[in-house]
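Summary of structural features
Listed below are the residues making up each chain.
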Amino acid sequence: MGKYLNHYLSQTPKEQRDDGAVGFMASLDSIATVEPKVTESIIAELQDQRNQLKMIASENYCSLPVQLAMGNLLTDKYSEGYVHHRFYAGCENVDNVEELANEKLKKLFGCEHAYVQPHSGADANLVAFWAILVTRIQDKELERIGENNLNKISEEDYQKIRHLLVNQKMMGMALNAGGHLTHGYRLNISSKMMQAHTYDVDKATHLLDYAQIEKQAMEVKPLIMIAGYSAYPRLIDFAKMREIADKCGTTLMVDMAHFAGLVAGGVMKGNYNPIPFAHVVTSTTHKTLRGPRGGIVMCTDEYKAGVDKGCPIVLGGPLPHVMAAKALAFEEALQPSYSTYAHQIVKNAQALADQLLKRGANLVTGGTDNHLMVVDVLKTFGLNGRHAENALREANITVNRNTVPFDENGPWYTSGIRIGTPALTSRGLKEDEMRAIGDLIFDILSHVKPKQVENSSELSKNKVKFEKSALDQYLKQVADILGQYPLYPELAL
């Protein structure tokens, strides 16, 4: 028995001991026998997260059982292919885990088909893109040739199909408008494997203009139209997006990586739930869904065969240990308490946004309907996003800088910050604490100044300066808030 587990057992009465905590402590001891510096970094990260108001919209805290499920011997098994259709022998146990995760995912979202192999949201999007391309382009061309085996066609026919595949059009929300890198950003592979067109938000309201999107879609006629976002604080009407897609003959793909937990928890219903309207839906599993880091794809039966061929077309060997953790996270999300959690995320976000607005902050779209908001710190405080991010980090508040629509500062410095509530909601904070945090954020950014650095404009764009007494006061306020809501209190570290 090692020092971490011994410490836990000595500090925790028998009746209060937690199985997950025992497993976690034992794992730290095991890791330390090989390389103590890794254990030290894990503990340091726990302490950092305990002492920070984690407000990055794409981050959360998963349960100890979910974390422990990722550290097991399933990682030692190669399992290319899909359930009961593998390229390696000896995959029976992986089949059981993956099938369980697939079934739980289908139950959670009510989708026709589920695929839990992607390692990330970006991987999930690549699987989805190529499933659509294969289904709608490659398979149709093979049917025209009269041969269903790609390896049996001539080189000339293969090259014709290949050129068709990489010359299709996609259309997604622009990065500056709140979209994601994988939705057609020029520096991302999505814009290199297809002709990428992006749609913006309205210049005045910063809201989606469905009439304008329809007009653009009818002109472009993309094969794939993507709905979804990483920094758009409002709901999307997926019924309207499907109507547009049907009108121009496009496949509607929804990337719900950010708001999957709000769909699973019943917050986004009716027209705002993408599952009944999209042909293909992708997501991560670690944001509002509160699971392990990873990706998923859901689709109608039309695209099932293409999605299941994620390997070999995009993926290599899946991560069976992470699929096991996904199965646990989906089971947790099926519990009634998860719906309460999901609804509280939005209540918290709206309380925080309302307080920032009350204090005079400029919020993109004037508020939020979901789990995040974007503050235009240039208009409100005369700071760039990097200034604001660094200032809040010094005060133990972690956010990320983010572009605002039509941002002239670009994606590195930006004019905004993105703030989210999923992680703090997991810790138990509610509306009163969010209003207090709103005041704190506004006060910090009102009093911080860019640090002038002689002969270095680059540093001047990054650095900020505090009066020590003010910073000490902010740190105390953060500590007072977090002291009421300890992170992983079962871990005696």
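Below: a short report on this structure. What you see is a predicted model; the values in this text were computed from it and never measured.

1. Notes on the packing of aromatic side chains
Applying the stated criterion to the full structure yields 7 aromatic pairs. With centroids separated by 5.6 Å and ring planes inclined at 55°, the aromatic side chains of Tyr338 and Tyr341 adopt a geometry described as tilted. In this pair, Tyr338 and Tyr341 are both assigned in helix α15 (residues 336-359), 3 residues apart and thus about one turn of the helix distant. An identical accessibility class is assigned to Tyr338 and Tyr341; each is buried.

2. Notes on the packing of helix α2 (residues 19-32) against helix α3 (residues 36-51)
Taken N-terminus to C-terminus, the directions of α2 and α3 make an angle of 145°; their axes are 7 Å apart at the nearest point. Contacts from Phe24, Leu28, Ile31 and Ala32 of α2 reach α3 at Pro36, Val38, Thr39, Ile42 and Ile43. For the contact of α2 with α3, a count of residues per class yields 8 nonpolar, 1 polar and no charged.

3. As for unusual backbone geometry
Cis rather than trans, the peptide bond between Cys311 and Pro312 has omega equal to 25°. Tracing the chain through its elements places Pro312 in helix α13 (residues 310-313). A positive phi angle, near 45°, is found at Tyr488, a position not held by glycine. Topologically, Tyr488 is positioned in the segment after α22 (468-483). Overall, the relative accessible area of 14% leaves Tyr488 in the buried class.

4. Observations regarding the nonpolar core
In this structure, Phe109, Met241, Met256, Leu289 and Met298 are the most contacted members of the largest nonpolar core, which totals 57 residues. Residue contributions to this core peak at 6 residues, all from helix α5 (residues 92-109). Filtering out sequence-adjacent residues up to four positions away, Met298 remains in contact with Leu105, Phe109, Cys111, His113, Ala114, Met256, Ile275, His279, Val280 and Val281. One finds Met55, Leu363, Ile419 and Val478 within the second-largest nonpolar core, a separate group that totals 40 residues.

5. What about the sheet that holds strand β5 (residues 169-173)?
Backbone-to-backbone hydrogen bonds join strands into a sheet, with any given pair of strands oriented parallel or antiparallel. Judged by pairing direction, the sheet is mixed, and its 7 strands sit side by side in the order β4-β10-β9-β8-β7-β5-β6 without closing on themselves. Of all the strands in the sheet, the pair left with one neighbour each is β4 (113-115) and β6 (195-199). Here the strands of the sheet are splayed against their neighbours by 20° on average, with no regard to which way each runs. Bridge count for β4 against strand β10 (residues 295-299) is 3 bridges, and the pairing is antiparallel. When the sheet's bridge partners are listed, His113 is paired in β10 with Cys299. α5 contacts β4 and β10 of the sheet and is inclined by roughly 130° relative to β4.

6. Some details on the pattern of salt bridges
Applying the stated criterion across every chain, the model contains 15 salt bridges. Between Arg144 and Glu141 there is a salt bridge; the shortest N-O distance is 2.9 Å. Taken together, the residues Arg144 and Glu141, both in helix α6 (residues 121-145) and 3 residues apart, mark about one turn of the helix. Note on Glu141: relative accessible area 18%, which makes it buried. Between Lys160 and Glu156 there is a salt bridge; the shortest N-O distance is 3.8 Å. In this pair, Lys160 and Glu156 both sit in helix α7 (residues 155-165), 4 residues apart, roughly one turn of the helix. A relative accessible area of 47% means that Lys160 is categorised as partly exposed. Judged by its relative accessible area of 54%, Glu156 falls in the exposed class.

7. Some thoughts on the state of the cysteines
If you walk through the whole model with that rule in mind, you get 0 disulfides. With no disulfide partner, Cys111 has as its closest neighbouring cysteine sulfur the one in Cys299, 7.9 Å distant.

8. Overview of the pairing of strand β7 (residues 224-228)
Counting buried positions along β7 gives 5 out of 5 residues, so the element sits mostly inside the fold. Side chains Ile224, Ile226 and Gly228 project from β7 onto one buried face, and the interleaved Met225 and Ala227 project onto a second face that is buried too. Direction of pairing for β5 relative to β7: parallel, over a ladder of 2 bridges. Pairing of Met170 across the sheet is with Ile224, part of β7. Bridge count between β7 and strand β8 (residues 251-255): 5 bridges; the pairing is parallel. What sits directly across from Gly228, in β8, is Asp255.

Parameters at a glance
Residues numbered from 1 in each chain as written. Predicted model: local features only at pLDDT ≥ 70, side-chain atom pairs only at ≥ 80, totals over all residues. Heavy atoms only, no water. Phe/Tyr/Trp six-rings, centres within 6.5 Å; stacked < 30°, edge-to-face > 60°. Helix = DSSP H or I, 4+ residues; strand = E, 2+ residues; numbered from the N terminus. Buried < 20%, exposed > 50% of the residue type's maximum accessible area, 1.4 Å probe, protein only. Axes fitted to C-alpha atoms, helices over the stretch in contact; angles between N-to-C directions. Contact = heavy atoms within 4.5 Å. Nonpolar A, V, L, I, M, F, W, Y, C, P; charged D, E, K, R; others polar. Core = buried A, V, L, I, M, F, W, Y, C linked by side-chain atoms within 4.5 Å. Pairing = 2+ DSSP bridges. Salt bridge = Lys/Arg side-chain N within 4 Å of Asp/Glu carboxyl O. Disulfide = S-S within 2.5 Å.

Functional significance is not addressed by these values, which are geometric in nature.
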